[in-house]
Amino acid sequence: MSAATPLPFLHFALPDIGEEEIAEVVDTLRSGWVTTGPKARRFETDFAQFLGDSGLHCLAVNSATAGLHLALEALGIGPGDEVITTTHTFTATAEVVRYMGADVRLVDVDPVTLNIDVAAVEQAITPRTRAIIPVHYAGLAVDMPALLALARRRGLKVVEDAAHALPTTVQGQLVGTLDSDATVFSFYANKTMTTGEGGMLVTRNADIASRAKVMRLHGISRDAFDRFSAKVPSWYYEIVAPGFKYNLTDIAAALGLHQLRRAHAFAKIRVGLAQAYREALADLPLILPADAPAGESHAWHLYVVRLAPQATCSRDSVIEHLYQEGIGCSVHYVPLHLQPYWRDRYALKPTMFPHSQAAYEAMISLPLYTRMTLDDVHRVAKALRQALAR
Ligand SMILES: *Cc1c(COP(=O)(O)O)cnc(C)c1O
């Protein structure tokens, strides 16, 4: 590369917003209905259709964090309860448990998939355990048949953090349609589809759905006045609980309507980029991310490589070299057991989470998003090859 024509910075992640999304947002703005209205409702209907299961309730919310909070609230999780989740996740997965005054039991991951270790979950169950929050890390499904069987056997609730998992399958079934109590997707800017900020709470349990619907908007009960709808004036409403402000705006839903239509096309591009990385990096001293079992879909929200034991440079020096080459990278995640709040509250030590700790120390998240080209992949591979040769 000549110094006169430096390549543009290759961002770690970028949203893929098309003209249809833009036109739909403009239409929303012109319509005068900028908060929750017909487009948010249509987004929910379309999402249920995307999942292809008429038994599902889909509730649009303004973040996945909000959706996870609503799910735990609807399940009645509270003080004295424990909820088990993976240490190898974003803090949102666990913080919602603390919102409810319950306690978090973090467990280690499987060293190959970096997904929650179901055997470790079983060992962490106590008489106080009420629920499990699996995270489909990077877009690869957790061993849900084993986890759901364990939950059923021990009478535990399951709320899937599916922030990375659109579209991910388990035994041919899309995440969102499994037999868990609730599943929550994220439409944050860097996820596989985006509404800027947003999320979707999915459940087949009508009680969870109706409670979450009330708590999503200030504890205003529709059912309370639907019963008298003929007599009740339009300005009347009833508050049945101190609810939250978690509704999705129509401006955001306008983006979601078109992003969802493109979700399968997006997924195809991501699969192609992941395949290109696998081929381009095959001979380097790297542990490449686990693929989905044959016939299953991996959403490839993240492409996380780990330095192999024979690599002679440090993880940090590789990231620094990539940055010098104009390539953005990240680390997913600094595990929760190292974060001051979680570490100190539960007296956590790295030795309690050997697989997550080892993965964290060796891992680099490479750029992977639909606006990337195969040339971009080869540029990243070349820079990685240089860094690893140093
Ligand atoms: C992004 C993310 C969340 C939070 O999503 P928001 O929509 O930003 O609230 C939760 N869990 C995981 C694993 C995530 O990656």
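Residues numbered from 1 in each chain as written. Predicted model: local features only at pLDDT ≥ 70, side-chain atom pairs only at ≥ 80, totals over all residues. Heavy atoms only, no water.

Asks: Give me the lowdown on the overall build of the protein chain, citing residues and values where you can.
Replies: The number of helices and strands found in the protein chain is 14 helices and 12 strands. Computed over the C-alpha atoms, the radius of gyration of the protein chain is 22 Å, within 12% of the 21 Å expected from 2.2 N^0.38 for a compact globule of 390 residues. Dimensions of the protein chain, computed from the C-alpha atoms along their principal axes, are close to 75 × 55 × 40 Å. Counting the 390 residues in the protein chain, one finds 55% classified as buried. Counting contacts in the protein chain only where the partners sit at least 6 residues apart, residues at least 24 apart contribute 72% of the total. Total accessible area computed for the protein chain in this model is approximately 17100 Å², and 55% of it derives from carbon and sulfur atoms. Seen as two clouds, the 36 positive and the 40 negative side-chain charges of the protein chain have centres 3 Å apart. (Helix = DSSP H or I, 4+ residues; strand = E, 2+ residues; numbered from the N terminus. Rg over C-alpha atoms; globule rule 2.2 N^0.38 Å. Buried < 20%, exposed > 50% of the residue type's maximum accessible area, 1.4 Å probe, protein only. Contact = heavy atoms within 4.5 Å. Areas by Shrake-Rupley, 256 points an atom, 1.4 Å probe, with all protein chains shown as cover. Lys, Arg positive; Asp, Glu negative; His and termini not counted. Charge placed at Lys NZ, Arg CZ, Asp CG, Glu CD.)

Asks: If you had to explain the domain arrangement of the protein chain to someone new, which residues and values would you point to?
Replies: In terms of domains, the protein chain is made up of domain 1 (19–261) and domain 2 (263–389). Just the C-alpha atoms count here: the centres of domain 1 and domain 2 sit 26 Å apart. Taken together, the 40 residues of domain 1 in the interface contact 35 residues of domain 2. Here domain 1 meets domain 2 over a buried area of about 3100 Å², counting both sides, of which 59% is carbon and sulfur. Of all residues in domain 1, the largest losses of buried area upon contact with domain 2 belong to H88, D108 and P167, amounting jointly to 16% of the total for that side. Counting across the domain 1 and domain 2 interface gives one salt bridge. Across the contact surface, domain 1 and domain 2 share 26 residue pairs in polar contact (both at pLDDT 80 or more). When contributions to the side of domain 1 that touches domain 2 are tallied by element, the ones reaching two or more residues are helix 4 (91–99), strand 3 (103–107), strand 6 (169–170) and helix 9 (250–261). Classifying every residue of the side of domain 1 that touches domain 2 gives 19 nonpolar, 15 polar and six charged. (Domains from an automatic or database assignment. Buried area = accessible area lost by both parts, 1.4 Å probe. Salt bridge = Lys/Arg side-chain N within 4 Å of Asp/Glu carboxyl O. Polar contact = N/O pair within 3.5 Å; in protein donor to acceptor, adjacent residues only side chain to side chain. Nonpolar A, V, L, I, M, F, W, Y, C, P; charged D, E, K, R; others polar.)

Asks: How would you sum up the packing of helix 3 (residues 64–74) against helix 4? Please name residues and give values.
Replies: Helix 4 packs onto helix 3 with a crossing angle of 40° between their chain directions and a minimal axis gap of 9 Å. In this view, helix 3 runs oblique relative to helix 4, as classed from their interaxial angle. Considering the relative orientation of helix 3 and helix 4, their crossing is right-handed. Judged by residue contacts, T65, L68, H69 and L72 of helix 3 engage A92, T93, E95, V96, V97 and Y99 from helix 4. (Axes fitted to C-alpha atoms, helices over the stretch in contact; angles between N-to-C directions. Parallel < 35°, antiparallel > 145°, perpendicular 65-115°, else oblique. Left-handed = near helix turned anticlockwise from the far one by under 90°.)

Asks: Before we move on, can you summarise the sheet that holds strand 10 (residues 286–287) with the specific residues and values?
Replies: Within the open sheet, the three strands sit side by side as 10-11-12. Their pairing is antiparallel. Edge positions in the sheet fall to strand 10 and strand 12 (363–366), since each of these pairs with one other strand and no more. Direction of pairing for strand 11 (residues 303–307) relative to strand 12: antiparallel, over a ladder of four bridges. Across the sheet, the residue bridging to V305 is I364, located in strand 12. Relative to the sheet, helix 10 (residues 263–281) contacts strand 10, strand 11 and strand 12, its axis offset from that of strand 11 by approximately 20°. Strand contacts of helix 11 (residues 315–324): strand 11 and strand 12, with the helix running at about 25° to strand 12, the strand carrying the most contacts. (Pairing = 2+ DSSP bridges.)

Asks: Break down the side chain of T129 for me, citing the residues and quoting the values.
Replies: Summarising the element assignment, T129 is placed in strand 4 (residues 129–133). A relative accessible area of 7% places T129 in the buried class. In terms of polar contacts, T129 uses its side chain to reach the backbone amide nitrogen of T126, at 2.8 Å. Residue contacts for T129: discarding those within four places in its chain leaves E82, I84, A124 and L156.

Asks: Now, about the sheet that holds strand 4: what can you tell me, with residues and values included?
Replies: The sheet built from seven strands is open, its strands ordered 1-9-8-5-4-2-3 with mixed pairing. Every other strand in the sheet has two partners, leaving strand 1 (57–61) and strand 3 as the edge strands with one partner each. Each adjacent strand pair in this sheet contributes to an overall mean axis angle of 20°, direction not counted. Pairing of strand 2 (residues 82–86) with strand 3, which is carried by five bridges, proceeds in the parallel orientation. Considered in strand 3, the bridge of I84 is made with R105. Each of strand 2, strand 3, strand 4 and strand 5 (157–161) touches helix 4; the most contacted strand, strand 3, lies at about 155° to it.

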